[in-house]
Amino acid sequence: LSDVENDGNHIELFLETFGAIDTTERKFGVPVNVKKDLTSFENAKLMIDELKTFGVDNISLRYKGWANGGLNATAPTRVKVEKAVGSKNEFVDLVEYAKEQGVKIYPDFDFVYVSNYASGDKFSPKNDVAKTIDNRSSVHRIYDPIFQTFMEDFSLIISPNKILGFWRDIENSYSKLGTGAISLGTLGSELNSDHTKEDSLNREDTK
């Protein structure tokens, strides 16, 4: 739950929900990596229904981890609905149902950080990642209060030069889903430079 506003007549709800997550299951005694849904497309419909019964009539739903591998997603260079959450048809059904209920859905893509990549997703760790001043691939770091230093979280920083190209890769296929809206992940929350020799950017350029 992100935020709730009540003007006395209408309750407005800004909701964030999560799709598929990587986890481990034992099959025949052997641990295997699988994807599990936290909120399936059918679950999202039920959430909308229940909120409506409580008088919440203005809902905005940000849906993370619904495509491209779930919460541990690949780069936004394609639109592949994560089957652990539901099929493409089920997603389209959710979008249509939400429209009927006056609910706005914002499917999330992160155009700034990528934590996973695979063959066939048109992402190149060599060419699509921002470079440090000594020509290393940039990795996102977060402050660890225990060690009192910045620690890598294993997310690569997408070059700002590549963001628009990534969007153009998915624009046509994404528009066919009919959402009419999108969540841009962490875009705008942080500014990253890129010291790639051919086309370097400082943070002001990125902005």
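Computed from a predicted model, the values in this text were never measured in an experiment. (Residues numbered from 1 in each chain as written. Predicted model: local features only at pLDDT ≥ 70, side-chain atom pairs only at ≥ 80, totals over all residues. Heavy atoms only, no water.)

*Asks:* How should I be thinking about the overall build of the protein chain in this particular structure?
*Replies:* Across its full length, the protein chain carries 4 helices and 9 strands. Mapped in sequence order, the helices and strands of the protein chain form the string β-β-β-β-α-β-α-β-β-β-β-α-α. On the principal axes, the C-alpha backbone points of the protein chain span a range of 55 × 50 × 45 Å. Within the protein chain, residue pairs in contact and separated by at least 24 positions form 63% of the contacts whose partners lie at least 6 positions apart. Total accessible area computed for the protein chain in this model is approximately 12400 Å², and 51% of it derives from carbon and sulfur atoms. (Helix = DSSP H or I, 4+ residues; strand = E, 2+ residues; numbered from the N terminus. Contact = heavy atoms within 4.5 Å. Areas by Shrake-Rupley, 256 points an atom, 1.4 Å probe, with all protein chains shown as cover.)

*Asks:* What is the right way to read the packing of helix H1 (residues 41-53) against helix H2 (residues 88-100) from this model?
*Replies:* Packing of H1 against H2 leaves a shortest axis separation of 9 Å and a crossing angle of 15 degrees. Here H1 is positioned roughly parallel relative to H2, judged by the angle of their axes. Helix-helix and strand crossings are classified by hand; for H1 and H2 the assignment is left-handed. Residues Phe41, Ala44, Lys45, Ile48 and Asp49 of H1 pack against Glu90, Phe91, Asp93, Leu94, Tyr97 and Ala98 of H2. Classifying every residue of the contact of H1 with H2 gives 7 nonpolar, no polar and 4 charged. (Axes fitted to C-alpha atoms, helices over the stretch in contact; angles between N-to-C directions. Parallel < 35°, antiparallel > 145°, perpendicular 65-115°, else oblique. Left-handed = near helix turned anticlockwise from the far one by under 90°. Nonpolar A, V, L, I, M, F, W, Y, C, P; charged D, E, K, R; others polar.)

*Asks:* Would you take a moment to explain unusual backbone geometry for this structure?
*Replies:* One can expect most non-glycine residues to show negative phi and most peptide bonds to be in trans. Phi is positive for Lys122, close to 65 degrees, though the residue is something other than glycine. Structurally, Lys122 can be placed in the loop between strand E7 (113-114) and strand E8 (139-144). For Lys122, a relative accessible area of 62% translates into the label exposed. Positive phi values are uncommon outside glycine, yet Gln148 reaches one of about 55 degrees. Among the structural elements, Gln148 can be located in the loop between E8 and strand E9 (149-157). The class of Gln148 is exposed, set by a relative accessible area of 60%. (Buried < 20%, exposed > 50% of the residue type's maximum accessible area, 1.4 Å probe, protein only.)

*Asks:* What should I look at first to understand the side chain of Asp128 in this one?
*Replies:* Here Asp128 lies in the loop between E7 and E8. Residue classification places Asp128 among the buried residues on the basis of a relative accessible area of 7%. Leaving out residues up to four positions away in the same chain, Asp128 has contacts with Lys122, Phe123, Ile157, Ile158, Ser159, Lys162 and Phe166.

*Asks:* I tried to follow the sheet that holds E7 on my own but got confused; where do I start?
*Replies:* Two strands in a sheet stick together by hydrogen bonds in their backbones, pointing the same way (parallel) or opposite ways (antiparallel). The strand order E7-E9-E8 describes an open sheet built from 3 strands, whose pairing is antiparallel. Each having just a single partner strand, E7 and E8 make up the two edges of the open sheet. In this structure, E8 lies alongside E9, joined through 5 bridges in antiparallel fashion. The residue bridging Val139 from the neighbouring strand is Leu156, located in E9. (Pairing = 2+ DSSP bridges.)

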